[in-house]
Amino acid sequence: MREQPSGHGAASGVREPAGDMVVVEDLRRTYGSGDTAVHALRGVSFTVARGELVALRGRSGSGKTTVLNLVGGLDAPDGGRITVDGTDVAGLGEDGLLALRRDRIGFVFQSFGLIPVLTAAENVGVPLRLRKVPAREREARVSLLLSLVGLLEHAGQRPGELSGGQQQRVAVARALANNPALIIADEPTGQLDADTGLTVMNLLRAVVRSESVTALVATHDTQLLALADRVLELRDGRIVEDA
Ligand SMILES: Nc1ncnc2c1ncn2[C@@H]1O[C@H](COP(=O)(O)OP(=O)(O)O)[C@@H](O)[C@H]1O
Ligand SMILES: [Mg+2]
């Protein structure tokens with residue numbers, strides 16, 4: 001579904017831009033100062049190759065959300081370097097960050113983040129509206145995305161009329177709306193029961209294969225870790241394992 005010169009993904013031999021999708025070097029982030037300072041990240045380095053699904057694991061407070069927010073341009077680091085899809089994130093101003101988040105990154109959050117008064121289809125269409133995609137093109141793409149996540153028949157329902165798993169699938173469809181290069185998901189199954197969580201993670205897994213997208217997913221669910229190409233473990237603001 002990503003608009004590329006020809007075909008899809010690595011299997012069809014599409015030439016991707018050179019370099020890793022995400023490069024993080026010696027990332028540091030301290031919240032507050034003085035006696036109350038929290039050193040959330042103490043020098044984190046890792047890469048995510050194009051087309052990879054990388055899981056970030058670690059107990060609560062280990063720094064997972066901080067890493068994702070920095071990579072996604074939602075927060076600024078105190079030190080270190082972040083490159084996403086060849087762009088130096090730290091070097092971007094507000095406009096550049098806005099464009100990065102809108103055009104190249106799709107976010108999925110634990111709490112779904114859907115707009116309650118909008119239907120599933122309208123929620124998926126929000127990123128397309130922000131880019132002023134014409135109505136007909138928007139509707140076609142929304143239908144394609146909803147069928148990709150298996151929810152075309154629920155297009156007209158509002159989030160409150162959908163199960164948690166269905167809401168998260170809508171959120172995945174919305175995250176894919178603008179053909180992002182990178183999906184960032186912060187404990188996307190944290191509010192779901194085990195089976196539903198597995199369905200959502202399998203969807204992310206399938207999307208990474210079929211849509212030429214790369215994903216960085218924070219989770220501590222072992223069932224989900226098994227679906228990742230690689231697992232990074234954070235402990236007290238440092239990567240302790242890269243397996
Ligand atoms: N806005 C904030 N202000 C102060 N401390 C924060 C803030 N956000 C996170 N922290 C602290 O930074 C550390 C890492 O948090 P976080 O990245 O949310 O970890 P995780 O997502 O792995 O649970 C924790 O000690 C947390 O309390
Ligand atoms: Mg977190």
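Figured I'd write up the structure that's included with this text. Counting of residues starts from 1 at the beginning of each chain's written sequence and follows it residue by residue. Each chain gets a letter, beginning with A, and each ligand a number, beginning with 1, in the order they are written. Local features are withheld for residues below a pLDDT of 70 in this predicted model, meaning they are given only at 70 or higher, and side-chain atom pairs are given and counted only at 80 or more; totals for whole chains, interfaces and linings count all residues. Side-chain metrics in this entry use all non-hydrogen atoms of the structure; hydrogen atoms and water are not considered.

### Re the pattern of salt bridges
Think of it this way: side chains of opposite charge can pair up when their charged atoms draw near.
(1) Moving on: Only one rule defines a salt bridge in this text: a Lys or Arg side-chain nitrogen within 4 Å of an Asp or Glu carboxyl oxygen. Across all of its chains, the model carries 13 salt bridges by this definition.
(2) Moving on: For Arg 50, the salt bridge goes to Asp 85, with nearest N and O atoms at 3.0 Å. Remark: Asp 85 occurs in the loop between β4 (79-84) and β5 (87-88) and Arg 50 occurs in the loop between β2 (38-48) and β3 (53-57); sequence separation between them is 35 residues. By the burial criterion, Arg 50 is buried, and Asp 85 matches it.
(3) Moving on: Residues joined in a network through salt bridges with shared partners are Arg 29, Asp 75 and Asp 78. Labels follow the DSSP assignment, with helices taken as runs of H or I lasting at least four residues and strands as runs of E lasting at least two, numbered in each case from the N terminus. A 1.4 Å probe rolled over the protein chains alone gives each residue an accessible area, and that area as a share of the maximum for its type sets the label: buried under 20%, exposed over 50%, partly exposed in between.

### A few points about the packing of aromatic side chains
(1) Moving on: The aromatic pairing rule takes the rings of Phe, Tyr and Trp, using the six-membered ring of Trp, and pairs them if the centres are within 6.5 Å, calling planes under 30 degrees apart stacked, those over 60 edge-to-face and the rest tilted. A full pass over the atoms with the stated rule returns one aromatic pair.
(2) Moving on: Ring geometry for Phe 107 versus Phe 109: centroids 5.8 Å apart, planes at 0 degrees, classification stacked.
(3) Moving on: Assessed through its relative accessible area of 34%, Phe 109 is described here as partly exposed.

### Thoughts on the site of ligand 1
(1) Moving on: Note on terminology: near, applied to a residue and a molecule or strand, indicates that one of the residue's heavy atoms is within 4 Å of it. In the region of ligand 1, the neighbouring residues are Tyr 31, Val 38, Ala 40, Arg 59, Ser 60, Gly 61, Ser 62, Gly 63, Lys 64, Thr 65 and Thr 66.
(2) Moving on: Contacts to ligand 1 include Gly 61, whose backbone N or O atom sits 2.7 Å from an oxygen atom.
(3) Moving on: The definition of a polar contact used here is a pair of N or O atoms within 3.5 Å, where within protein one atom must be able to donate a hydrogen and the other to accept one, and adjacent residues in sequence count solely through side-chain atom pairs. Gly 63 places a main-chain nitrogen or oxygen 3.1 Å from an oxygen atom of ligand 1.
(4) Moving on: Here the Shrake-Rupley method, with its probe set to 1.4 Å, supplies the accessible areas, and only the displayed protein chains count as covering residues. About the coverage of ligand 1: the protein hides 59% of its 570 Å² of free accessible area.
(5) Moving on: For the shell around ligand 1, the secondary structure elements donating two or more residues are β2 and α1 (64-71).
(6) Moving on: If one sorts the elements of the shell around ligand 1 by residue count, α1 sits on top with three residues.
(7) Moving on: Three classes are used, and their members are as follows: Ala, Val, Leu, Ile, Met, Phe, Trp, Tyr, Cys and Pro are nonpolar, Asp, Glu, Lys and Arg are charged, and the others, Gly among them, are polar. Of the residues contributing to the shell around ligand 1, the split by class is three nonpolar, six polar and two charged.

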